[in-house]
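Residue strings, one per chain:
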Amino acid sequence: MIGRDSSQTAASMANISGREVTKSYTKPTTPDDDEGLVTVATIPNVVVEGESHPQQHSEWIVSEQVTKQKVFKAPGYPKPIPKPFDGDLPVYEIKATPDMGLGLFATRSFSAGDLIFAERPLLVLPLGMINLYDEVPAEASNRSGDLTYSHPATAGPFNLGDAEVLIELAVSKMNPDVSRAFHSLDNCHSPNDYSQMIGIALTNALRITNLYDGPTYRAYLNSYAGISEIGSRINHSCKPNVYFTFDLASFSFSFKALRDIASGEQLFRSYCSIHAGRAQRRKELADWNIICRCASCANTTTDSDGLRLGCDKIIFNAIGIVTNSCRMNRAAMRSSFEYLAQLRQELYDEGLYTSKLYPSLLRIMRALCMKMESVDKAKEIEEEMKKYDKINDDLGAE
Ligand SMILES: C[S@@+](CC[C@H](N)C(=O)[O-])C[C@H]1O[C@@H](n2cnc3c(N)ncnc32)[C@H](O)[C@@H]1O
């Protein structure tokens with residue numbers, strides 16, 4: 001954990017100017033220098049046409065004013081929140097689960113890639129403000145000194161005292177219904193460890209990978225996170241059926257189907273790295289007090305762990321074997337197809353269809369079907385391939 005003597009933090013200025021509240025975080029170096037000022041802004045800063053519901057604004061704790069400009073300059077800002085094709089009809093319900101507290105359930109069926117619902121978060125804040133990184137994935141950074149979050153514009157990092165004041169300030173700006181919604185969210189932490197505000201933020205924060213302070217290479221460390229009224233009720237599974245994206249122009253999350261979902265199914269997203277073995281996933285899930293009992297965790301084998309850890313490489317090799325044997329007779333084609341179909345099933349069983357190479361696997365399977373003149377099967381695979389191409393684009397675009 002990182003910390004900074006709170007006496008170093010200048011007192012709150014609590015200036016209210018229009019829709020913004022500013023708190024002096026560290027002393028500005030010059031009187032007109034806004035570096036070190038953290039703003040609590042209401043986003044969108046105007047009423048968006050067709051959106052009258054008060055909940056449809058977010059309070060955003062912004063640590064760099066330049067980042068706020070990125071949102072204001074996003075093409076189309078301020079866009080209305082996207083609507084699923086059923087418009088205003090409810091497509092989910094929140095209800096109690098036997099072992100996970102509340103959960104979100106589909107009340108109609110969805111196809112992979114469908115928008116289930118979109119919402120503007122109640123609160124957006126710099127993730128580093130609450131998430132005091134003690135471990136950073138190797139791919140995020142190999143720079144020394146990157147293990148702590150530093151406010152890019154100031155000399156020192158946030159501490160939890162700052163975070164609490166800022167979250168309280170943001171919540172105090174919300175209208176009573178929105179504030180009630182925030183306070184009613186789950187808190188999996190003990191009051192001995194964190195205050196209620198920090199506990200709620202830690203339990204429910206969803207990383208917004210495309211909204212961050214500073215340069216792209218620090219995106220992972222300097223990203224923001226959103227706390228949502230509905231999306232925060234989605235429980236964890238290592239075999240998720242939902243993913244989410246964030247759109248800057250509408251300042252909203254979109255929650256989408258990761259595979260076909262039947263009406264009545266509970267919606268799950270993954271809180272941990274999907275390409276990690278069970279031991280590592282358990283470690284990551286301890287932050288939410290979760291001992292996951294999903295089918296992948298319950299039935300872990302060395303092979304299933306190996307598939308998660310090496311999934312892209314395994315698909316790559318399988319495709320290589322098939323495409324290298326280009327002069328195949330019909331029997332060889334059939335056995336190649338079966339080999340790939342089995343891999344596809346194993347990936348599906350582990351919930352690994354978000355692998356970047358999954359659509360390539362489907363592409364080869366479709367090509368084999370065409371050669372074998374199994375036109376209907378080829379069409380069916382092509383449909384799935386298109387869906388996962390789109391899902392990959394969505395996830396890659398973030
Ligand atoms: C973001 S909240 C999800 C919504 C929450 N269930 C509620 O009642 O609002 C995260 C908390 O839900 C519970 N949870 C989520 N996924 C779970 C799982 N797979 N197994 C057990 N508990 C889970 C844990 O208590 C976790 O700290």
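Just so we're clear, the structure is a prediction, and the values are computed from it rather than from any experiment. (Residues numbered from 1 in each chain as written. Predicted model: local features only at pLDDT ≥ 70, side-chain atom pairs only at ≥ 80, totals over all residues.)

S.K.: Go over the site of the ligand with me, naming the residues and quoting the values.
M.R.: Residues in close proximity to the ligand total 18 residues, the closest being Gly101, Leu102, Asp186, Cys188 and Asn235. Of all the secondary structure elements, the ones that give two or more residues to the shell around the ligand are strand S6 (102–106), helix H5 (196–204) and strand S11 (235–236). (Near = placed C-beta within 6 Å. Helix = DSSP H or I, 4+ residues; strand = E, 2+ residues; numbered from the N terminus.)

S.K.: Tell me about the sheet that holds strand S7 (residues 115–119), and name the residues and values.
M.R.: Strand order across the open sheet formed by 3 strands is S7-S13-S12, with antiparallel pairing between neighbours. Of all strands in the sheet, those bounded by a partner on one side alone are S7 and strand S12 (242–247). The average angle at which neighbouring strand axes cross in this sheet is 20°, direction not considered. Inspection of the sheet shows S12 paired to strand S13 (residues 252–257) by 6 bridges, in the antiparallel sense. Counted as the bridge partner of Tyr243 is Lys256 from S13. (Pairing = 2+ DSSP bridges. Axes fitted to C-alpha atoms, helices over the stretch in contact; angles between N-to-C directions.)

S.K.: Would you mind going over the pairing of S6 in detail, with residue names and values included?
M.R.: Note: strand S5 (residues 92–96) against S6, 5 bridges, orientation antiparallel. Within the sheet, the bridge partner assigned to Ile94 lies in S6 and is Leu104. Remark: 5 residues form the turn of the hairpin made by S5 and S6, two consecutive strands paired antiparallel; Gly101 in that turn has positive phi of roughly 70°.

S.K.: Residue-level account of the domain arrangement of the chain, with values.
M.R.: Split into domains, the chain comes out as domain 1 (6–269) and domain 2 (301–397). Taken together, the contact between domain 1 and domain 2 spans 10 residues of the former and 10 residues of the latter. Across the side of domain 1 that touches domain 2, the residue classes break down as 5 nonpolar, 3 polar and 2 charged. (Domains from an automatic or database assignment. Contact = placed C-beta atoms within 7 Å. Nonpolar A, V, L, I, M, F, W, Y, C, P; charged D, E, K, R; others polar.)

S.K.: For the packing of helix H3 (residues 160–173) against H5, give the residues involved together with the corresponding values.
M.R.: Put simply, H3 and H5 touch, their axes get as near as 9 Å, and they point 90° apart. The orientation of H3 relative to H5 falls into the category roughly perpendicular. Facing H3, whose interface residues are Leu160, Ala163, Glu164, Ile167 and Glu168, H5 presents Met197, Ile198 and Ala201. Tallied by class, residues from the contact of H3 with H5 come to 6 nonpolar, no polar and 2 charged. (Parallel < 35°, antiparallel > 145°, perpendicular 65-115°, else oblique.)

S.K.: Explain helix H10 (residues 358–371) to me, and be specific about the residues and the numbers.
M.R.: The first and last C-alpha atoms of H10 sit 20 Å apart over 14 residues, in line with the 20 Å expected at 1.5 Å per residue. Listed in full, the buried residues belonging to H10 are Tyr358, Pro359, Leu361, Leu362, Met365, Arg366, Leu368 and Cys369. Where H10 terminates, the next one or two residues include Glu373, which has phi positive at roughly 60°. (Expected span 1.5 Å × (residues − 1). Buried ≥ 20, exposed ≤ 12 C-beta atoms within 10 Å, placed from the backbone.)

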